[in-house]
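# Notes for the structure review
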Amino acid sequence: MRVLSVVGARPQFVKLAPVASALAAERFEHVIVHTGQHYDAAMSDAFFADLDIPVPTVHLGVGSGSHGVQTGAMLAALGSVLGEHQPDWVLVYGDTNSTLAGAISAVKLQLRIAHLEAGLRSFNRRMPEEHNRILTDHAADLLLAPTRVAMRHLAAEGLAERSVLVGDVMTDICLRVRDAVLDRPPPRPKGHPSGDYVVATIHRAENTDDPDRLRSIVDGLAALPVSVLLLVHPRLAMRCRAFGIPLDRTGTALVPRAPLPYTDLVAAVLDAVGVVTDSGGLQKEAFLLGRPCTTLRRETEWTETLLDGWNVLAPDLENVGHLAARAAPRRPQPIPYGDGHAAEAVVATLVDQASDGGR
Ligand code: UD1
């Protein structure tokens, strides 16, 4: 069986890591195509090195641009790559422009598509990711869903027959890295706050594109009662520069730093008292690592994290100071994201549903 993965953005490298190792364990052929959506070393190379992901077979070098330009450039480049490799499965991950481009290219070439992390919905049609997910789910032949909630969404859209519950591959990698970090804690990166702190990330268009909203978020973080290790996504840096919103504010809670490789991120969350974010992945990582999360969004795709107040939505930025410093809930945590072996389930399902029985 030959699988061709299309990835391009940071969270997709995290999802790719356990899938690549599960495919390698079964000695299947795996072609990795990196679209180049994320290209900074800290957003891309650091993840391949840290998570031991094989070097991409093909790098399209597409880079940044408006959604149309970026997705179009990927489409233009992917056709010949997919045509040349003729995989049994084109595997696309999550909800980025790279996901959608991979799905459309495969459809046009009549190649079989599997969508990993299928069925997530925010029901917010203003999010570019929501369109990417829905379009990809409806184009795909096989929908690999991480949760029961995702399975329900797929069924509601008439896609039940193509859907399989495999669990969440981000949980596989998060738990694996957590165990390694607890076993052998890495040195604390230079410049981390010394007392209690929260880890914060902001990058969503809804939070970064409007100057007033972005200013209130950054001002709010700077005024928190604990230190804020703000891991600055390139989009946040760019928007703050453009809107004249300073991030370096000595004497406030804010400690801005470059994005961390995955292992260092897990170590930082374990070291922190909580997380403030608008990232989907980090909400779940906070939950899995047992840290309370405050999400600066109106909705979440990972609704299981809301149980018992592990994750609290704070779209209007009210009470963030109080929320960020809250203690972790006491009740035992539920385990809604699988047993840490989702990637093996993904590979088994691909084999099971390949037209030639997988060999
Ligand atoms: C993308 C995904 C989002 C995901 C996020 C993770 C889409 C529509 N969005 O958003 O779902 O949560 O990745 O990070 O696909 N930039 C750099 N260097 C880089 C990458 C980006 O400087 O390596 C800057 C560029 O100015 C670019 C901007 O960040 O225009 C936004 O990058 P882009 O890939 O378009 O979207 P993200 O905001 O990263």
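Above: the structure in question.
Below is a short write-up of the structure. (Residues numbered from 1 in each chain as written. Predicted model: local features only at pLDDT ≥ 70, side-chain atom pairs only at ≥ 80, totals over all residues. Heavy atoms only, no water.)

## Notes on the sheet that holds strand β4 (residues 89-93)
Across the sheet, seven strands lie side by side as β3-β2-β1-β4-β5-β6-β7; this open sheet has parallel pairing. Strand pairing shows two members of the sheet lacking a second neighbour, β3 (58-59) and β7 (163-165), which therefore form its edges. Inspection of the sheet shows β4 paired to strand β5 (residues 113-116) by four bridges, in the parallel sense. The residue bridging L91 from the neighbouring strand is A114, located in β5. With respect to the sheet, helix α14 (residues 342-353) is in contact with β1 (2-7), β4, β5, β6 (142-145) and β7, its orientation differing from that of β6 by roughly 160 degrees. (Pairing = 2+ DSSP bridges. Helix = DSSP H or I, 4+ residues; strand = E, 2+ residues; numbered from the N terminus. Contact = heavy atoms within 4.5 Å. Axes fitted to C-alpha atoms, helices over the stretch in contact; angles between N-to-C directions.)

## Points about the sheet that holds strand β13 (residues 311-313)
Ordered in space as β10-β9-β8-β11-β12-β13, the six strands form an open sheet in which the pairing is parallel. Two strands bound the open sheet, and with one partner strand each, they are β10 (254-257) and β13. Strand-to-strand twist of the sheet, defined as the mean angle between neighbouring strand axes without regard to direction, takes the value 20 degrees. Sheet analysis places strand β8 (residues 197-201) next to strand β9 (residues 227-231), joined by four bridges and oriented parallel.

## A word on the site of the ligand
In the neighbourhood of the ligand, 20 residues make up the surrounding shell, with Q37, H38, Y39, D40 and E129 lying closest. Q37 has a polar side-chain atom sitting 2.8 Å from an oxygen atom of the ligand. The contact in question runs from an oxygen atom of the ligand to an N or O atom on the side chain of E129, over 2.7 Å. Summarising the interface, the protein chains cover 89% of the accessible area of the ligand, which totals 740 Å² for the free molecule. Examining the composition of the shell around the ligand, we find that three residues originate from one element, helix α10 (residues 234-243), more than from any other. (Near = heavy atom within 4 Å. Polar contact = N/O pair within 3.5 Å; in protein donor to acceptor, adjacent residues only side chain to side chain. Areas by Shrake-Rupley, 256 points an atom, 1.4 Å probe, with all protein chains shown as cover.)

## Section: the pairing of β8
Remark: a regular strand shows side chains that alternate across the two faces of the sheet. Most of β8 sits inside the fold, with five of its five residues counted as buried. Here β8 shows no split at all, with Y197, V199 and T201 on one side and V198 and A200 on the other all buried. In this structure, β8 lies alongside strand β11 (residues 274-277), joined through four bridges in parallel fashion. Each residue of the ladder has a partner; that of V199, found in β11, is V275. (Buried < 20%, exposed > 50% of the residue type's maximum accessible area, 1.4 Å probe, protein only.)

## Some thoughts on the side chain of T295
Counting through the fold element by element, T295 comes out in strand β12 (residues 293-295). Discounting residues that sit within four places of it in the chain, T295 has contacts with T277, Q283, N311, V312, L313, A314 and P315.

## A closer look at helix α1 (residues 10-25)
In this model, α1 (16 residues) spans 24 Å end to end at C-alpha, consistent with the 22 Å of a helix rising 1.5 Å per residue. If you check which residues of α1 are buried, you get Q12, F13, V14, K15, L16, A17, P18, V19, A20, A22 and L23. (Expected span 1.5 Å × (residues − 1).)

## Topic: the nonpolar core
By size, the foremost hydrophobic cluster in this structure holds 87 residues, and its most contacted members are M1, L51, L91, V199, Y262 and L350. Top contributing element to this core by residue count: α1, with eight residues. Ignoring anything within four residues of it in the chain, the contact list for Y262 reads V14, F47, D50, L51, M170, I173, C174, V177 and E285. (Core = buried A, V, L, I, M, F, W, Y, C linked by side-chain atoms within 4.5 Å.)

## Concerning the packing of helix α4 (residues 97-108) against helix α5 (residues 128-139)
Running from N to C, α4 and α5 point in directions that differ by 25 degrees, and their axes come no closer than 9 Å. Comparing their axes, α5 and α4 come out roughly parallel. You can see that α4 and α5 cross each other, and the crossing is left-handed. Facing N97, T99, L100, A103 and V107 of α4, the residues of α5 in contact are N132, L135, T136 and A139. A class-by-class count of the residues in the contact of α4 with α5 yields five nonpolar, four polar and no charged. (Parallel < 35°, antiparallel > 145°, perpendicular 65-115°, else oblique. Left-handed = near helix turned anticlockwise from the far one by under 90°. Nonpolar A, V, L, I, M, F, W, Y, C, P; charged D, E, K, R; others polar.)

## Some details on the pairing of β6
The alternating pattern of β6 places L142 and L144 and L143 and A145 on opposite faces, both of which are buried. Pairing analysis gives three bridges linking β5 to β6, with the strands arranged parallel. Following the sheet pairing, L116 is matched in β6 by L144. In this fold, the crossover linking β5 to β6 by way of α5 has right-handed handedness. Two strands pair when backbone bridges link them, and β6 and β7 are joined in this way by three bridges, in the parallel orientation. Considered in β7, the bridge of L144 is made with V164. (Right-handed = clockwise from strand over helix to strand, strands pointing away.)

## Brief notes about the packing of helix α11 (residues 262-271) against helix α12 (residues 280-288)
Interaxial distance between α11 and α12 falls to 10 Å at its minimum, and their mutual angle equals 55 degrees. For the element pair α11 / α12, the angle class is oblique. Helix-helix and strand crossings are classified by hand; for α11 and α12 the assignment is right-handed. Facing α11, whose interface residues are Y262, L265 and V269, α12 presents L282, E285 and A286. For the contact of α11 with α12, the class distribution of residues is five nonpolar, no polar and one charged.

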